[in-house]
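So the chains spell out like this:
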Amino acid sequence: MQKFVIQGGRRLEGDIVVQGAKNSALPILAAAFLCKGESVLENCPKLSDVYAACRILSSVGCRCEMQGHTVIVRAEPSGKAAIPESLMQEMRSSIIFLGAMLGRLGTCTLGYPGGCELGPRPIDLHLEALRRMGVQIREENGILMCTTPRGLHGARVHLQFPSVGATENILLAAVLAKGDTIISNAAREPEILDLARYLQHCGAKIEGAGSSTIRVQGVKQLTGCTYRIMPDRIVTATWLACAAITGGALQLLHTDAASLEGILDVLEQMNCQCSRDVSSLCINAGKPLKAVRYLKTMPYPGFPTDAQAIVMAVLCKAGGTSVIEETIFENRFRHVDALVRMGADIHVAGRVAVVHGVKQLCGAQVSATDLRGGAALLTAGLGAEGETVLTEISHIDRGYDSPETVLRSVGAKIERR
Ligand code: EPZ
């Protein structure tokens, strides 16, 4: 098993070019299945989740080729409408292929998606919406058999919760369905807008993506196109946090400041200087860090749940007491034990964590428990005195493209063993 060995206490300084967004690349790879011809997806990050998505596409007859940070997909479905159980178990977001396969083939058999460690992560909102669009779903020992006996048709769908994945699945099923679909209380995350833009470039008729109400007019056919994936806002937040915890100064390039206001606002409350440009961001964290009285994760454009662990790592060293409430996932404090091992003073009660800032963190041997929890421990290791050995880093490789190379380029002492 690989691990990161980090010598903490070094100030990060310099420029980082931000990678493409994992949570945009994955639904767009699924969307490529809907299109005839070839899609050329640029700025695709090299991540284990992206490779898993390519394996799923190949398993249903598509040709998927990664050249550097470009993925070329030729979607010639073999008519095979079943995703192998092993591939479904690899990542939670594999459920996103359901909407695409129903859209193109009208049928799909797949296993319940693999869990992420964040809690039950049901798919009830996905299935309820698809049923309204004419999908019949039979479930037998963990396998979903979906068919559309009277064809896939548009519908008015209201989401009880603005689920990102459910919004994406409905979009993927709606673009080739007969008639119009209206999604109310849709998720507003920027990755939804990126997915809609790709689909529009392929000929889809979508309005309102990025807002709470999305309208889709079904069309007959979509044709693949060349599209550049948006920058990853959570990876951007991670590098900002690494600068904050080391008292450093970083310039982040090829990123989109507008999608980061929820995070920049918190970093500024913590006494960091942040300046925004059209496609770049600067952070200067020279002053002593301040606690944040109360931080609550919310659907976009609120403070993102994916940045909660990462910001908590920084708050461990901030003067004062911070209260963090995690409202999106049930079990997203799995990184707390390891932070406490590094000297943090944190108390968890249900969905609330109380962080009393300490003067310093000490390096320790810790394990990543999930993707963003792992990123939080990487952040804490950079800001701790002494050596941190971080294991189970396959979690981190799901969402970060060569993080050790990026961090070394701005002065971190980190190696992968
Ligand atoms: C997406 O997950 C992201 N993953 C997550 O990022 C992110 O944390 C999450 O959105 C929220 O922003 C990808 O885009 C691949 P949800 P998703 O459906 O779609 C409940 C990362 O670190 N829910 O908005 O699974 C669910 O249990 C990952 O990159 C239902 O109850 O998120 C959760 O509590 C982690 N029923 C909440 O809604 C459903 O049918 C948010 O889920 C669907 C969801």
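Definitions and limits used
- Numbering of residues starts from 1 in every chain and runs along the sequence as written.
- Only residues with pLDDT of 70 or above have their local features reported here, since the model is predicted, and side-chain atom pairs are shown and tallied only from 80 upward, although totals for entire chains, interfaces and linings are computed over all residues.
- Computation of side-chain values covers all heavy atoms of the structure but excludes hydrogens and water.
- Helical segments are the DSSP runs of H or I of at least four residues, strand segments are the runs of E of at least two, and each set is numbered from the N terminus.
- Throughout, the term near means that a residue has one or more heavy atoms lying within 4 Å of the molecule or strand in question.
- The term polar contact refers here to a pair of N or O atoms within 3.5 Å; inside protein, the definition further demands a hydrogen-donor-capable atom paired with an acceptor-capable atom, and it admits residues adjacent in sequence only when both atoms are side-chain atoms.
- Here the term charged refers only to Asp, Glu, Lys and Arg, the term nonpolar to Ala, Val, Leu, Ile, Met, Phe, Trp, Tyr, Cys and Pro, and the term polar to all other amino acids, Gly among them.
- Residues grouped as a nonpolar core are buried Ala, Val, Leu, Ile, Met, Phe, Trp, Tyr and Cys residues, joined through side-chain atoms within 4.5 Å.
- Buried residues are those whose accessible area, probed at 1.4 Å on protein chains only, stays under 20% of the maximum for their type, while exposed residues exceed 50% and partly exposed ones sit between those limits.
- Residue contacts follow a heavy-atom distance rule, with two residues in contact if any of their heavy atoms lie within 4.5 Å.
- When DSSP finds at least two bridges between two strands, those strands are taken to pair.
- Interaxial angle, 0 to 180 degrees, is taken between N-to-C directions of lines fitted to C-alpha atoms, where a helix line uses only the stretch in contact.
- Where each domain starts and ends comes from a domain assignment, either automatic or drawn from a database.
- Accessible surface is computed with a 1.4 Å probe, and the buried area is the amount of it that two parts give up when combined, taken over both parts together.
- Throughout this description, the term salt bridge denotes a Lys or Arg side-chain nitrogen within 4 Å of a carboxyl oxygen of Asp or Glu.
- Note on aromatic contacts: the rings of Phe and Tyr and the six-membered ring of Trp form a pair at centre separations within 6.5 Å, being stacked when their planes are under 30 degrees apart, edge-to-face when over 60 apart, and tilted otherwise.

Here we take up unusual backbone geometry. A cis amide bond, omega 10°, links tyrosine 300 with the succeeding residue proline 301. Assignment of secondary structure puts proline 301 in the loop between β17 (294–296) and α10 (308–315).

We now examine the site of the ligand. Among the 22 residues in the neighbourhood of the ligand, the closest are listed as Asp124, Leu125, Ser163, Asp306 and Ile328. Within the side chain of lysine 22, an N or O atom sits 3.0 Å from an oxygen atom of the ligand. With respect to the ligand, the backbone of valine 164 contributes an N or O atom lying 2.9 Å from an oxygen atom. Of all elements in the fold, only α1 (22–32), α5 (124–132), α6 (164–174) and α12 (371–382) reach the threshold of two or more residues within the shell around the ligand. Top contributing element to the shell around the ligand by residue count: α5, with three residues. Per-class residue counts for the shell around the ligand are nine nonpolar, six polar and seven charged.

This part takes up the nonpolar core. The biggest cluster of nonpolar side chains holds 80 residues, and the ones touching the most others in it are Tyr198, Leu199, Ile206 and Leu222. Broken down by element, the residue count for this core peaks at seven residues, all from α1. Apart from the residues lying within four places of it in its own chain, the contact partners of leucine 199 are Ala31, Leu34, Leu172, Val175, Ala204, Ile206 and Leu222.

Our focus in this paragraph is the environment of leucine 339. For leucine 339, the position within the fold is in helix α11 (residues 336–341). Judged by relative accessible area, which is 0%, leucine 339 ranks as buried. Once residues within four sequence positions are removed from consideration, leucine 339 is found in contact with Met312, Ala313, Cys316, Ala344, Ile346, Leu377 and Ala380.

One open sheet accounts for four strands, arranged β17-β18-β20-β19; its pairing is mixed. Bordering the open sheet on either side are β17 and β19 (345–349), each of which pairs with just one other strand. Strand after strand, the sheet turns through a mean of 15° between neighbouring axes, direction not considered. Note that β17 and strand β18 (residues 321–325) share three bridges and pair parallel. Bridge pairing links lysine 296 to glutamate 325 in β18.

What follows deals with the domain arrangement of the chain. The domain boundaries assigned to the chain delineate domain 1 (3–19 + 231–416) and domain 2 (22–228). The distance between the C-alpha centroids of domain 1 and domain 2 comes to 30 Å. Counting residues at the interface gives 26 residues for domain 1 and 21 residues for domain 2. When domain 1 packs against domain 2, close to 1900 Å² is buried across both sides, 51% of that on carbon and sulfur atoms. It is Tyr300, Arg398 and Asp401 that lose the most area in domain 1 upon contact with domain 2, and together they represent 32% of the buried surface on that side. Taken together, the connections running from domain 1 to domain 2 amount to two salt bridges. At the boundary of domain 1 and domain 2, one finds eight residue pairs in polar contact (both at pLDDT 80 or more). Sorting the residues of the side of domain 1 that touches domain 2 by element identifies α12 and α13 (394–397) as the ones contributing at least two each.

With that settled, consider α6. Among the eleven residues that make up α6, nine are buried, leaving the element largely enclosed by the rest of the structure. Here α6 has its buried residues at Ala166, Thr167, Glu168, Asn169, Ile170, Leu171, Leu172, Ala173 and Ala174. Capping the start of α6, serine 163 holds a side-chain oxygen 3.5 Å from the backbone nitrogen of glycine 165, two or three residues further along.

In a structure, side chains of opposite charge can pair up when their charged atoms sit close to one another. Under the definition given, this model contains 15 salt bridges. Across the pair glutamate 415 and arginine 417 runs a salt bridge, and its minimum N-O distance is 2.8 Å. Residue glutamate 415 is classed as partly exposed on the basis of its relative accessible area, which comes to 36%. Residues participating in the shared-partner salt-bridge network are Lys22, Asp49 and Arg398.

In total, this model carries two aromatic pairs according to the counting rule given. The interplanar angle of 70° and the centroid separation of 5.9 Å between the aromatic rings of tyrosine 198 and tyrosine 227 together place this pair among those described as edge-to-face. A residue pair is termed long-range when its members are at least 10 positions apart, and tyrosine 198 in helix α7 (residues 190–201) and tyrosine 227 in strand β13 (residues 226–228) qualify at 29 residues. You can call tyrosine 198 buried: its relative accessible area is 0%. Under the relative-accessibility criterion, tyrosine 227 is labelled buried at 8%. When the ring of tryptophan 239 is compared with that of tyrosine 400, the centres are 5.9 Å apart and the planes differ by 65°; the resulting orientation is edge-to-face. Of this pair, tryptophan 239 sits in helix α8 (residues 233–246) while tyrosine 400 is found in the loop between α13 and α14 (403–408), placing the two residues 161 residues apart along the sequence. The exposure class of tryptophan 239 is buried, given its relative accessible area of 2%.

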